[in-house]
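Commentary on secondary and tertiary structure
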Amino acid sequence: MQTFIQTNRQNIASHTLGVRVMLLTDQSDSPTAQRLAGYGSQVDVANVLEDAVAGILNDRFGYDLFVMDCDGFGGIAGAEQAISALIAGDAKMRVMLVSRDFDVPVYPLGRRTAVCLPDDVSDASFRIGFDHVLRDRAAVTMN
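What you see is a predicted model; the values in this text were computed from it and never measured. (Residues numbered from 1 in each chain as written. Predicted model: local features only at pLDDT ≥ 70, side-chain atom pairs only at ≥ 80, totals over all residues. Heavy atoms only, no water.)

1. Re unusual backbone geometry
The phi angle at Asp 90 is positive, at roughly 65°, despite the residue not being glycine. Secondary-structure assignment places Asp 90 in the loop between α3 (75–88) and β5 (94–99). Using a relative accessible area of 55% as the deciding quantity, one classes Asp 90 as exposed. (Helix = DSSP H or I, 4+ residues; strand = E, 2+ residues; numbered from the N terminus. Buried < 20%, exposed > 50% of the residue type's maximum accessible area, 1.4 Å probe, protein only.)

Okay, structure coming up:
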């Protein structure tokens with residue numbers, strides 16, 4: 001598992017500050033990881049499905065978001081497997097899926113429904129998906 005954090009952030013919505021993300025990807029330096037780190041997120045990267053699920057289920061603080069680059073893990077079928085494992089472990093969290101199997105970005109209104117993005121999605125559409133999936137997350141404040 002690797003952790004990415006980037007300090008030269010800009011244009012960050014208040015509800016997205018300090019987001020803890022578990023990213024499942026088969027690329028050690030994936031574009032998804034770079035985008036998420038660029039938003040000021042703490043990104044933990046796993047390259048094995050079981051490690052990602054175990055990391056989420058065993059984390060004491062709780063992740064805010066699970067993001068999966070699906071193509072290296074069987075596409076949509078792999079995403080279904082990951083989500084099923086999280087549900088079986090009673091994880092209640094936000095999910096973003098990135099895959100070449102998706103034709104267009106999908107930003108569903110259901111709070112327990114995954115945001116689905118094509119692998120070639122623009123930076124702007126990825127950011128919209130990120131903000132959308134976190135829309136009900138309370139802003140972090142420090143006193």
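Following the structure, the description resumes.
2. A look at the pairing of strand β6 (residues 115–118)
Across the two faces of β6 the burial is the same, with Val 115 and Leu 117 and Cys 116 and Pro 118 all buried. Bridging between β5 and β6 involves four bridges; their strand directions are parallel. Looking at the pairing, Ser 99 lines up with Pro 118 of β6. (Pairing = 2+ DSSP bridges.)

3. Concerning the layout of surface pockets
Over the atoms a probe the size of a water molecule is rolled, and this reveals where empty space is left. Roughly 310 Å³ of volume is contained in the largest pocket. For the largest pocket, the lining is made up of 17 residues, of which Met 93, Arg 94, Val 95, Arg 112 and Thr 113 are closest to its centre. Residue assignment for the lining of the largest pocket shows that the elements contributing at least two residues are α3 and β5. Sorting elements by how many residues they give to the lining of the largest pocket places α3 first, with three residues. Residues of the lining of the largest pocket, tallied by class, amount to eight nonpolar, two polar and seven charged. Computed from the structure, the second largest pocket encloses a volume of approximately 190 Å³. What lines the second largest pocket is a set of 13 residues, among which Gln 27, Thr 32, Asp 69, Val 98 and Asp 119 lie closest to the centre. No other element matches the three residues that helix α1 (residues 31–38) contributes to the lining of the second largest pocket. For the lining of the second largest pocket, the per-class residue count stands at four nonpolar, four polar and five charged. (1 Å grid on protein atoms, 1.4 Å probe; cavity = no way out; pocket = protein on both sides within 12 Å on 5 of 7 lines; lining within 4 Å. Points joined across faces, edges and corners; volume = space filled by probe spheres on them. Nonpolar A, V, L, I, M, F, W, Y, C, P; charged D, E, K, R; others polar.)

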